[in-house]
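Residue-level listing of the chains:
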Amino acid sequence: MAATAKEQRTGEHIDALLDELGRSVGPSGRDLADELVRGIVEFYGSGLARIVELLGDRPDGADPLALLGGDELVGGLLILHDLHPDDTLTRVERALDEVRPYLGSHAGDVEIAGIGPEGDGGTDGRTLWLRLRGSCDGCPSSAQTVRWTIEEAVARRAPEIGCVEVEGVAEEKPQPKLLQIMSRPPDATDMTPDAAKGADLPSGGTAAGNAPAAWYPLPDPPAADGGTGVREVAGTALLLVRLPGNLYAYRDRCPVCGGGLDGAVVVDGERLRCAVCAAEYDIRGAGQGERGRLEPVPLLEENGSVRVALPGTLLAAGP
């Protein structure tokens, strides 16, 4: 299909605008504009290449539009141009389905309370209101870990959502601050270069004390049910436990004996037993134990890839 006269005029108009920008702001401005255009063209070129790949590998009988809409890159382009086959509500529901196994260990379940129009509440994009059913009493990390997980999943499936309001999370009770003697004033937003490398910083996602949270790829998670293992992510040691239907991540530290959990075993299919002190924790129940609680880490698993969110407080604590 040949390009229409309108499409040809659009290309010529872009060239004319670039020339005019070069004359008004000088060569440096023109170079910057050219780089911007190249970036946009490369971005859309990646989308076209992905479309060709998806359609070339399309299984017999598969709906091509559903296949394209389900891809993160192509689906985002379709949303940008209001061409996605699924509406916002449908895509948000799919995002929540992805995180429900994780939410089940923290807050029971989640339901949509409403979706506001564009710009509602003074925010860019639409506002999503969610309501949690159930709670995780006594779990101070629930409020942020639940919120991070929901926001990350929704941002990938429905990027037009600019704000997520979650009702029903158990907010952390304020704790007295301890004064520490340091060589310089503490900065809760600090991240080491090694920790920040490879991180996907969520927009607006912060932990208690305004410490940043970042999503990292998780290498080589346990594949077999009942499998455990310790992996290091951004300098932080994490314990991973695979149970039927879900993968769980916790900080590699037993709150009872203070030791690592490498060598811990799954007993009765639901509890983790520390190899050092024999303390046991409910794996599906946010790591609750009789004498302490493991520190859960937000985790998303999709299409064979796994990512975890590390708050700044975890990064500062280290292994």
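For the structure itself, consult the block above.
Cut-offs applied
Residues numbered from 1 in each chain as written. Predicted model: local features only at pLDDT ≥ 70, side-chain atom pairs only at ≥ 80, totals over all residues. Heavy atoms only, no water. Pairing = 2+ DSSP bridges. Helix = DSSP H or I, 4+ residues; strand = E, 2+ residues; numbered from the N terminus. Phe/Tyr/Trp six-rings, centres within 6.5 Å; stacked < 30°, edge-to-face > 60°. Buried < 20%, exposed > 50% of the residue type's maximum accessible area, 1.4 Å probe, protein only. Salt bridge = Lys/Arg side-chain N within 4 Å of Asp/Glu carboxyl O. Disulfide = S-S within 2.5 Å.

Moving on to the sheet that holds strand β10 (residues 280-282). If you trace the four strands from one edge of the open sheet to the other, you get β8-β9-β10-β11, paired in antiparallel fashion. Unpaired on one side and paired on the other, β8 (265-267) and β11 (288-289) mark the two borders of the sheet. In this sheet, β10 lies alongside strand β9 (residues 271-273) in antiparallel orientation, the contact comprising three bridges. In the strand pairing of β10, arginine 271 is matched with aspartate 282.

Another aspect to go through is the packing of aromatic side chains. A ring pair, where both rings are aromatic, is described by two values, the distance of the centres and the angle of the planes. In this structure the tally under the stated criterion is one aromatic pair. Where phenylalanine 43 meets tyrosine 44, the ring centres are 5.7 Å apart and the plane angle is 85°; that geometry is what we call edge-to-face. When its relative accessible area of 40% is taken as the criterion, phenylalanine 43 is described as partly exposed.

In this section: the pattern of salt bridges. Evaluation of the coordinates by the stated rule reveals 16 salt bridges. One salt bridge in this structure joins arginine 94 and aspartate 86, with 2.5 Å as the shortest N-O distance. Between arginine 271 and aspartate 268 there is a salt bridge, with its nearest N and O atoms 2.9 Å apart. Judged by its relative accessible area of 64%, aspartate 268 is exposed. Linked through salt bridges whose partners overlap, the residues forming this network are Asp268, Arg271, Arg273 and Glu280.

Moving on, we come to the state of the cysteines. What makes a disulfide is a covalent bond joining the sulfur atoms belonging to two cysteines. The final tally for this structure, using the stated rule, is zero disulfides. Its sulfur unpaired, cysteine 274 is 3.8 Å from the next cysteine sulfur, which belongs to cysteine 277. For the unlinked cysteine cysteine 277, the closest cysteine sulfur is that of cysteine 254, found at 3.6 Å. Cysteine 277 sits in the partly exposed class, given a relative accessible area of 23%.

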